[in-house]
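Below are the chains, spelled out letter by letter.
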Amino acid sequence: MPRKRTVTVLGTGGSGLTAAIAAHDAGANVQLFEKADLVGGTTAWSGGMVWIPNNHLEAAAGVADSRDEAITYLMSMSHGLIEQHMAEAFVDAGPLMVRHLCDHTPVEFRTIADFPDYHAEFPGGKTGGGRSLDTPPFSFEALGDWEHRVTPSPYYPDPRLSIYDTPLGQALPTPVPEEELARRSRNRERASGQALIGRLLRGCLDRGIEPQTNARATELIVRSGRVHAVVIEFADGTRQIDCDAVILATGGFEWDESLKRAFLRGPMTHPVSIETNTGDGLKMAMRVGAMLGNMREAWWMPVAEVPREEVSTGVNLIAGIRSLPRCIMVNRSGKRFTNESANYNAIGAAFHDQDVSAFDYANLPCWMIFDQGYVERYGFPVTSGAPGVPPPQWVARAPTLAALADRLGIDGAALDATVARWNAQVAAGRDTDFRRGEAAHDQWWGDAMQRGGPGAALGPLDEAPFFAVELKSGALGTKGGPKTDINANVLNVDGEPIVGLYAAGNVMASPMGMTYGGAGGTIAPGMVFGFLAGRHAAGKPVLPLDAAEQNA
Ligand SMILES: Cc1cc2nc3c(=O)[nH]c(=O)nc-3n(C[C@H](O)[C@H](O)[C@H](O)COP(=O)(O)OP(=O)(O)OC[C@H]3O[C@@H](n4cnc5c(N)ncnc54)[C@H](O)[C@@H]3O)c2cc1C
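A quick note: this is a predicted structure, and the numbers were derived from the prediction, not measured.

Chemist: Whenever I open this one, the site of the ligand confuses me. Can you help?
Modeler: As a structural note, the neighbourhood of the ligand is formed by 38 residues, with Ser15, Glu34, Thr43, Thr276 and Thr522 the closest of them. Glycine 47 is positioned with one of its backbone polar atoms (N or O) 3.0 Å from a nitrogen atom of the ligand. Between the ligand and the protein, one listed contact pairs a nitrogen atom with a backbone N or O atom of alanine 217 at 2.9 Å. Coverage of the ligand by the protein chains reaches 97% of its 1000 Å² of free accessible surface. With four residues, helix H2 (residues 41-45) is the largest single contributor of residues to the shell around the ligand. In the shell around the ligand, the residues fall into 13 nonpolar, 21 polar and four charged.

Chemist: Please explain the domain arrangement of the protein chain as it appears in this structure.
Modeler: How large an interface is tends to be reported as the accessible area lost when its parts come together. The domain boundaries assigned to the protein chain delineate domain 1 (6-215 + 479-550) and domain 2 (300-475). Inter-centroid distance (C-alpha atoms) of domain 1 to domain 2 is 31 Å. Listed as interface residues are 22 residues of domain 1 and, on the opposing side, 19 residues of domain 2. Carbon and sulfur atoms supply 64% of the area buried between domain 1 and domain 2, which totals about 1500 Å² over both sides.

Chemist: Help me understand the sheet that holds strand E4 (residues 110-113) in this model?
Modeler: Two modes of strand pairing occur in sheets, parallel and antiparallel, and in both the strands are linked by backbone hydrogen bonds. Across the sheet, which stays open at both edges, the three strands sit in the order E3-E5-E4 with antiparallel pairing between neighbours. At either end of the open sheet lies a strand with only one pairing partner, and these are strand E3 (50-51) and E4. With three bridges connecting them, E4 and strand E5 (residues 129-134) associate as antiparallel partners. Bridge pairing in E5 links arginine 110 to aspartate 134.

Rules used in this analysis
- Residues numbered from 1 in each chain as written.
- Predicted model: local features only at pLDDT ≥ 70, side-chain atom pairs only at ≥ 80, totals over all residues.
- Heavy atoms only, no water.
- Near = heavy atom within 4 Å.
- Polar contact = N/O pair within 3.5 Å; in protein donor to acceptor, adjacent residues only side chain to side chain.
- Areas by Shrake-Rupley, 256 points an atom, 1.4 Å probe, with all protein chains shown as cover.
- Helix = DSSP H or I, 4+ residues; strand = E, 2+ residues; numbered from the N terminus.
- Nonpolar A, V, L, I, M, F, W, Y, C, P; charged D, E, K, R; others polar.
- Domains from an automatic or database assignment.
- Contact = heavy atoms within 4.5 Å.
- Buried area = accessible area lost by both parts, 1.4 Å probe.
- Pairing = 2+ DSSP bridges.

Structure below.
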């Protein structure tokens, strides 16, 4: 009988916990280490959605999907950055990962009806949902001693609600009944990323895999060409942990200024991930000769600075609220510069545009401008203000556009002209400058009561007072790191596997290039390559599938 392998997993986000479960279920002893004092990483802070094309729940939701369509979709958005074999690995293993977790752990998924892919009009894209999955709420009581050891999300003030419960997750928005919320409170249920991590963590605990927290991995030990140990700093000292394989699931490098300066394609000043993601895994992999890939990219996200008493991190994500009618984004020239309703990852590129004459970034700084009509209809969703409630005092406001421009230090005449042009386009029902409101994404993320047409995203700015919030270039995390093969085995600079070393999640060279396929587009590849890493490290690789398995 072959000796049981010992696999060490570093990091307790979605990628790490999935890797731990997969390695255990393939027969390995698993040890799991986490740098922070609480577990779950950014995944626990997230919406907890996962984007898995061709998953087994789609058919039940009435969506036809296929391996070919999913690969075509990803490759159509590659711009030379996505390697076909890695896209294929993701598409082939995704449904297997979902099935494995649903069959063998407390993890459950459900489809969100009609939630479109982020670039649904590309070949193989889906306008009718199915690929974006959500995790139902989970009772944290089931975690026993671990109930209070999952990092709470600063971004979702009511942990009982998932995206599924909000207008974004529903074809016909319906609030969750009070009795259901009360039931969730009684059961100590948490939703979104909390539910995903809670379920994965329960799956680990059921297998006897207990994370060790305050345990920061710092160095990989290589002997005879293979990684056979990792050095970990514990509260009471540093120890070498021997093993047969190490899986890096330590998140991105978005909290390390020098790594960001060295690699990212443009400014990214406001990460919204957990602050322990400082590129430790990247540095460990570089020290043992890993080839790097996709280093310029991040999961981009426009962000606003907010008072810490409103959101403890001092920032908030500006995602769906940009898509609503009656707001636009302008740069310091007072001009619109992009489709404000585009998905957050795509918009990141607009922050990196350069004005070559001025030798400066053309769209930084920039502002989201909205009017009283927006406040009446949608409130101030940056900090969850209800419709009609005036935005807090820190939000800039003025009775006229010229006065607002003056306050922001931008050209008032230009802002007036921009808004006049925008209002005329809205009246004509078409944004001829940036095609806002045309894509299925824009129509879904805009006003839920006007879905199915450009009106979900188009609306005039014509009711004083006018408001402005400055937007910053942020990210959910970086997505470059050690390159891997299809089973998440890290490659060296000569393209050979580094025996015993794996990477999954934001620490790895993302197989997604610059793309964000749909809601759940970042956690999904992390969990899929975590699954592949765990299985391969334990000696039971998933890939390659044969032709029959690919089409099963
Ligand atoms: C508000 C919000 C909503 C989001 N919603 C979604 C969504 O619905 N769907 C989606 O796909 N994406 C979403 N994202 C993005 C997503 O959360 C991340 O991209 C993803 O969770 C990253 O997963 P990961 O496993 O790679 O890293 P993480 O979940 O960040 O986990 C990495 C872990 O590694 C630990 N670590 C770091 N260094 C070391 C070390 N040296 N030793 C040991 N441990 C270490 C960290 O402390 C951390 O716990 C959202 C993000 C935010 C902020």
